[in-house]
Structure formats: C-alpha cells, structure tokens
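# Descriptive analysis of the structure
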Amino acid sequence: MKINHLLVKAVAVVAIVMLLGTALSQINTLAAERQGRFREAVASVEQSLAGRQAVLGPALITSCTEEWTTEVQEGKVRKTVPEKREFTLISAPRQLSVKASAAMEPRYRGLFKVNTYAAHASLTGQWSSLNALRPQREHTGSKLNCAAPTVLVAVSDARGIRQAQVKVNGDALSVVSGTQHPSYPRGFHADMARAPADLDAPLTVDVMLDLAGTAQLSVAPVADDTQMSLSSDWPHPSFGGSFLPATRQVRDNGFEASWRLSSLATTAVADFLHGVPLCASSGNDSADDDAPYSRAAAAAVAARDGKQPAGCTETFSVAFIDPVNPYSLSDRAIKYGLLFIGLTFLAVGMVEVMRRLRVHPIQYLLVGSAISIFFLLLLSLSEHLSFDVSYAVAASACVLLLSFYGRYLLDGWRQGLAFGAGIGLLYGALYALLQMEQTALVIGSVLLFAVLAGVMVLTRRVDWYGLLQTPAGSAPPAAPQSAA
C-alpha cells in the first residue's frame, strides 16, 4: 500500500500549526507576565507616594454631651445618679465650590511609567445656617454642652497631602492631621476657636489643598448644590465615578471639565451623614483591592458596625489613562496569531497546488516561526518605543524576511514579493483591527469572508480527488533554485 504524500504533508502541517499555537500561547503568557510587572510598578509607586485620591469636604463636626440625673432605688434608699450621653453632630454645606488643577508628574520603575499628578484645589463650603449643629435635648432638664465646631476634610490617602490651609469667614485656622471622624480616618481638621454665637448666621469655609496622587482623582459632592471645575495638562482623561461632567473640552495639551450637581440627584450627602466610607474608586468604577481606602475598607467598617456593606460615597472621578496600553494591545494582537498563520499556510498551500510546487513541512515551520516572532518583537519593542513605531518596525522586519525567503520558497522574485505583499496586507489589517476596537468583530468577519470567497473562486476548478490519488513522485519537481 502506497503512502499518499499529500495526506502526510497535511498531517505534518496540522502538527506544525499546533506547535506554533503552543509558541503563541507562551508569548501570550509572557505578555501577561509583563503586564503583571507593570501593575507591580504601579503598586510600588502608590506605596511610596500615594494611591488614587478621593476628597470629601469641607464639612463641620462637633462633639456634644448631655448630662442629667436619674433617681434609682437601692433597698430602702433612693439615690440620685448622674448620667451622661455623648454624641456627634455633623453638618454638610449648602453650597460647595471646587476649583482644581492637576499637573502630571510621571514616575518610573525600570521600564514602566506610572502616571502620578500634583493637584491644587480650592474648596469653598457655604452654610446659610448651622441648625444641624444645634443639639436636641432627649431628657427634660438636662444640661447640654457642645464643643466648638471642627472643619474636616477627608482624603483616601493622607500621604499625598502636601499643604493645606483652612479659613473660616476669612480667619485662618491651625490645621491638624486626622479628621476626628471614625468613618473617615485619613485627612485633616481645623478647630474653630469658639462656637458661633448665632447658629442662624451664614458661614463660609475656604480650604486650599495641594495633593499628590496616582492615576485618578475623585471628589465627593457632599452639599445641597455642588459645582466643580477641573483642568489638567493631560490630554487623555477618562471621566467616571457616578456622574459625567456637564461640560468638557479635551485638547492635545490638556483638558477642562466642569460638573454641577444637586443633592436631589445624589445620595452623597446622606452617605456622608451616615458614615458611608470614602473610596478611591466608586460608582461605576471598580475599586482595586489594593487601593488605600477602597470597598474592602467599606466592608470592614460595616462589619465593625454589624451591618451589611453599603458601598461607597458617590463621587466625581477623572482617571489619567494612557490611551495606548502596549500590553493589552499586544495581547489582542497575539489572539490573531493562529489566524495569521492559518491564512499564510493557506496561501502557500494554494500556490503549491496551483503551480504544482513542492514545499517541505520544514519550510512551513520556518514561515510560521517568522510570523510568531513578530508578536514577540512587538511586545519587546513596545516597552521601549511607542506602540505604532514598534508595530511598524516588527512588521517591516518580518515582511522583508518573508519576501526574501518567499523568493526561494515559491521559485521566483515576483512570487516572493507578492508573498511579502500579502503578509504586509495581513499586518495592515491587524493594525486596523487593533485601532478599531468597537468594530473589530465586524471588520474581521468581513475580511475572513472575503478571504474564503477568494479561495473558493481560485480553487473552483481544482480536482481534489485527482490530487489525493496522485501517486508519489508524479508531480514534477520544482525547478532548481539559483544561489542568488
């Protein structure tokens, strides 16, 4: 029984594809490992500098005591026993105005760049009255005593505080670390010298804050009416949190955005009054487990109070992102690797059938290896160059190599150049797919359909049974190749 060499070659080519698929899987694992190291670099910068920042305040807090006496019976004697209740009163502003700017200060860990920023914020809180700080007596004839109110400002990572100033009705106050609020341990406060004589009088608190952070800045709208404006020199903002900006302008050299929000549209004020934690990410953003004060902290506070986790206080949020992540793009490109190899092998096989050439399985392996090396080159170069430049260099190198090899593989410079041009078109199509994430599926599907249609048209007259029944050695040998 004679062995059909065409079937043997088909089995060998399938084995080569599986082998190359394993190689691509290893390259994909390497890309994931490098991305993991990038996350480690971000975590290292957050531990050394400050993490994602969220700001809440200014707000007013005061501690009060109520003292009264109760008569108790001890045997035949009635005694008067003094009792005391301690409680805290909190007041959120009626109007909150935030004007902030953020200047990017990238930090590096080896090859990896981490986006950090230095923010300067002016926060102005206005109260029409301080009735919320007026204590309510629970016992008739009791004695009420409240300390002077304290201005508090909470942040998610206090290590990022560079400078802070607090003024109440124009008078500067001394700033002290800590907020004196159990649910917001990070931040600072300023004690007023004395309690206001008239709680019905308006009050204005001005806070100047210089704050460093990493990747993201959020502000909690804890007022009946909140207005915020933010400008930065970073041209790639990602607006998130629970509310998108009302207006925004994104330019090549930075952006400007503004928010305006009523307490009717947010639970931030109620969340603050009930001690819902301030998170580095909230709303529609997924908080990282390693964030300085994230949902894990919210769960811890809820567990301490014997309650179910209630999430995080709603915030405005801006993330300073890199629009081109070389690792995610490399990962997406590698997913097309087997498709690239399959289309290339299909093209070589068609030429082999149509022109009656004989291409050895080793040659298939070398061509597939060159295509696989492209993805490794892309990954390594993108750590040093921009992704576009890395893609162009890696693709050009592989196209030139395959054009040169195709001259000997397909017996002629014209065929070799056509083969290289086809590979170049594949790389161009892949680049287009990477740039058009939203329409990648439909474009890829149309391209595959076009390729299949072309193969069916070109092979419509091929006698496949005749090919399978052709005895070994009947195909004319390929013409001798010149050494040039």
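Residues numbered from 1 in each chain as written. Predicted model: local features only at pLDDT ≥ 70, side-chain atom pairs only at ≥ 80, totals over all residues. Heavy atoms only, no water.

UniProt's feature table lists "transmembrane region" (unreviewed entry) at residues 333-351, 363-381, 387-405, 417-434 and 440-459, given in the numbering used throughout. For the annotated span residues 333-351, helix accounts for 89% and strand for 0% of the residues, and the straight-line distance between the end C-alpha atoms is 27 Å. (UniProt positions renumbered as here; feature names shortened; annotations may be inferred. Helix = DSSP H or I, 4+ residues; strand = E, 2+ residues; numbered from the N terminus.)

Here we come to the pairing of strand β2 (residues 77-91). Here strand β1 (residues 53-74) runs beside β2; their pairing, made up of 15 bridges, is antiparallel. Note that in β2 the partner of I61 across the bridge is I90. Counting the residues that bridge the hairpin from β1 to β2 gives two residues, and of these G75 lies at a positive phi of roughly 70 degrees. (Pairing = 2+ DSSP bridges.)

Applying the stated rule across the entire model yields two disulfides. Across a sulfur-sulfur distance of 2.0 Å, C64 and C146 are joined as a disulfide pair. Between C64 and C146 the disulfide shows an S-S torsion of about 110 degrees. By sign, it is right-handed. Taken together, the positions of C64 in strand β1 and C146 in strand β7 (residues 143-146) put the pair 82 residues apart, joining distant regions of the chain. You can call C64 buried: its relative accessible area is 2%. The disulfide pattern of the protein chain is 1-2, 3-4 when the bonded cysteines are numbered in sequence order. (Disulfide = S-S within 2.5 Å. Buried < 20%, exposed > 50% of the residue type's maximum accessible area, 1.4 Å probe, protein only.)

This paragraph deals with the nonpolar core. Formed by 48 residues in total, the largest nonpolar core has its most connected members in I371, F374, F375, Y391 and Y427. When contributions to this core are tallied by element, the ones reaching two or more residues are α1 (5-48), β5 (112-114), α4 (326-334), α5 (337-354), α6 (361-381), α7 (387-409) and α8 (413-435). Split by domain, the residues of this core number at least three in each of domain 1 (5-37 + 325-460) and domain 2 (50-283 + 311-320). When neighbours within four sequence positions are excluded, F375 is seen to be in contact with L24, I27, A333, I334, G337 and L430. Among the nonpolar cores identified, the runner-up in size contains 47 residues, and V153, L209, F255 and W259 belong to it. (Core = buried A, V, L, I, M, F, W, Y, C linked by side-chain atoms within 4.5 Å. Domains from an automatic or database assignment. Contact = heavy atoms within 4.5 Å.)

Across the sheet, which stays open at both edges, the eight strands sit in the order β10-β9-β13-β6-β3-β15-β18-β17 with mixed pairing between neighbours. Only two strands of the sheet have a single partner each, and these edge strands are β10 (171-173) and β17 (247-251). Across the sheet, the mean angle separating the axes of adjacent strands is 15 degrees when strand polarity is ignored. Note that strand β3 (residues 95-104) and strand β15 (residues 225-232) share eight bridges and pair parallel. From the neighbouring strand, V98 faces β15, where its bridge partner is M228. (Axes fitted to C-alpha atoms, helices over the stretch in contact; angles between N-to-C directions.)

Applying the stated criterion to the full structure yields 19 aromatic pairs. Ring centres of F112 and Y327 lie 6.3 Å apart, and the angle between their planes is 50 degrees; this geometry places the pair in the tilted category. Remark: Y327 occurs in helix α4 and F112 occurs in strand β5; sequence separation between them is 215 residues. There is no split in this pair, since F112 and Y327 are both buried. For the ring pair F387 and Y391, a centre distance of 6.2 Å and an interplane angle of 45 degrees mean the geometry is tilted. Residue F387 and its partner Y391 are located together in helix α7, separated by four residues, close to a single helical turn. (Phe/Tyr/Trp six-rings, centres within 6.5 Å; stacked < 30°, edge-to-face > 60°.)

A few words on the pairing of strand β9 (residues 161-168). Of the strand pairs in this sheet, β9 and strand β13 (residues 203-214) are connected by seven bridges, and their pairing is antiparallel. Bridging across to β13, A164 finds its partner in L209. Taken together, the three bridges between β9 and β10 define a ladder with antiparallel strand orientation. By the bridge assignment for β10, V168 is matched with D171. Taking the residues between adjacent antiparallel strands as the criterion, β9 and β10 are bridged by two residues, where N169 takes a positive phi near 55 degrees.

Next up on the list: the pattern of salt bridges. With the rule as written, the count across this model stands at ten salt bridges. Between K113 and D322 there is a salt bridge, and its shortest N-O distance comes to 3.7 Å. Placement of K113 in strand β5 and of D322 in the loop between β19 (316-320) and α4 is noted, with a sequence separation of 209 residues between them. A residue is classified by how much of its surface remains accessible, and K113, at 28% relative accessible area, is partly exposed. When salt bridges with common partners are traced through the structure, they connect E66, R85 and E138 into a single cluster. (Salt bridge = Lys/Arg side-chain N within 4 Å of Asp/Glu carboxyl O.)

For any two helices packed against each other, the geometry is given by the interaxial angle and the distance between the axes. Where α4 contacts α6, the axes come no closer than 10 Å and their chain directions differ by 175 degrees. As the angle between them shows, α4 and α6 are arranged roughly antiparallel. Where α4 abuts α6, its residues Y327, S330, A333 and I334 lie against F375, L378 and L379. Of the residues contributing to the contact of α4 with α6, the split by class is six nonpolar, one polar and no charged. (Parallel < 35°, antiparallel > 145°, perpendicular 65-115°, else oblique. Nonpolar A, V, L, I, M, F, W, Y, C, P; charged D, E, K, R; others polar.)

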